[in-house]
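Structure assessment
For reference, the chains in residue letters:
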Amino acid sequence: MTFYRKQDGDTSAAQACASTSTGVPDYLRETYTWAYLNPKTVPWLSSAPVVAAILWGNASRLIRKTVEEIEPGTRVLQAAAVYGRFSTKLAQAVGENGQLDVIDIAPIQVETARKRVQGMNQAKVMIGDASVVRSTPYDTVVCFFLLHEVPEAMKNKIVSALLASTKPGGKVVFVDYHKPSPLHPLKPVMSKIFDWLEPFAKGLWHKEIEEYAPDNNDVIWRKETLFGGMYQKVVAERRKPT
Ligand SMILES: C[S@@+](CC[C@H](N)C(=O)[O-])C[C@H]1O[C@@H](n2cnc3c(N)ncnc32)[C@H](O)[C@@H]1O
């Protein structure tokens, strides 16, 4: 299966997005097998207390900040699986008259996410690549802690594809890491963790999420930071045509 197509003049993107014959991209296999692909670690890493610890106690707040953007009865895309109770909260927010589609590029993550939303008929989980435009656009797309895990060229592809997968009048909600304020006591710790385990994360310390999007004045951007600047919520709203 071909997951990525090389476009003219897009050599770096094509390299960053190379995938194995299983469809799992090289950046994911080489960097995050321990976190997302290993059947021994996935079950305990995916538990809510572990997620709360990894996010320094901010998981519930960050989930709440995402969920508050969702209207009941709407169609929502979750652009990658997220550990803990994230998908369940999104499914509750769209309600029984809405639709939540969760995609992930890794089969083991699709299986794990399916178990979490079992019995919620409004939620579907499927294999999918966040850097590919969806065929039917959504009211809201959520991208929760995905961008810091992908190479720079892939960040561009994902931001563009998610904007193109959103209806005019709809929005993309990005929640992710951000450069903490200079005196943040956890800044040196996060810096070491990123250098050791998350080599693509510091891209978000140096660039605004908006800068990964194509120039397009049909999008209105708003941003807020949380926990001393360590996290950001960025909402990109697509204007309705006049
Ligand atoms: C959303 S991020 C992690 C969020 C957070 N650390 C958590 O609590 O789970 C991780 C997921 O992104 C998936 N992923 C990576 N690249 C992707 C892509 N291009 N499209 C869809 N999913 C992708 C990985 O398979 C993994 O399940």
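This structure is a prediction, so every number in the text was calculated from the model and none was measured.

So, on to the overall build of the chain. Across its full length, the chain holds 10 helices and seven strands. Compactness check: the chain gives a C-alpha radius of gyration of 17 Å against a globular reference of 18 Å for 242 residues, within 12% of the reference. Along the longest, intermediate and shortest principal axes, the C-alpha atoms of the chain span 45 × 45 × 40 Å. The buried share of the chain, taken over its 242 residues, is 55%. Residue pairs at least 24 apart in sequence account for 68% of intrachain contacts in the chain once pairs closer than 6 positions are excluded. As displayed, the chain has an accessible area near 11,800 Å², and 53% of this comes from carbon and sulfur atoms. Side chains of the chain carry 30 positive and 25 negative charges; the gap between the two charge centres is 4 Å.

Strand order across the open sheet formed by seven strands is β3-β2-β1-β4-β5-β7-β6, with mixed pairing between neighbours. A single partner strand is all that each edge strand has here, and the edge strands are β3 (123-127) and β6 (219-226). Going across the sheet, the axis of each strand differs from the next one's by a mean of 15°, ignoring polarity. The sheet contact formed by β6 and strand β7 (residues 231-238) spans eight bridges and is antiparallel. Counted as the bridge partner of isoleucine 220 is glutamate 237 from β7. On the sheet, helix α7 (residues 107-116) packs against β2 (99-104) and β3 and is oriented at approximately 170° with respect to β3.

What counts, and at which threshold
Each chain carries its own residue numbering, running from 1 in the written order of its sequence. Only residues with pLDDT of at least 70 get local features here, since the model is predicted, and only at 80 or more are side-chain atom pairs given and counted; chain-wide, interface and lining totals rely on the full set of residues. Heavy atoms from the whole structure form the basis of all side-chain values; hydrogens and water molecules are not counted. Strands are runs of DSSP state E lasting at least 2 residues, helices are runs of H or I lasting at least 4, and numbering of each runs from the N terminus. Computation of the radius of gyration draws on C-alpha atoms, with the globule rule given as 2.2 Å multiplied by the number of residues to the power 0.38. We call a residue buried when its accessible area falls under 20% of the maximum for its residue type, exposed when it is over 50%, and partly exposed in between, using a 1.4 Å probe and counting protein chains only. Should any heavy atoms of two residues lie within 4.5 Å, those residues are considered in contact. For the area figures, the Shrake-Rupley method with a 1.4 Å probe applies, and any residue is considered shielded solely by the protein chains shown. Counted as positive: Lys and Arg. Counted as negative: Asp and Glu. His and the chain ends are not counted at all. A single reference atom marks each charge: NZ on Lys, CZ on Arg, CG on Asp, CD on Glu. Any two strands are treated as partners once DSSP identifies two or more bridges connecting them. Between N-to-C directions, angles cover 0 to 180 degrees, with each direction set by a line fitted to C-alpha atoms, over the stretch in contact for helices.

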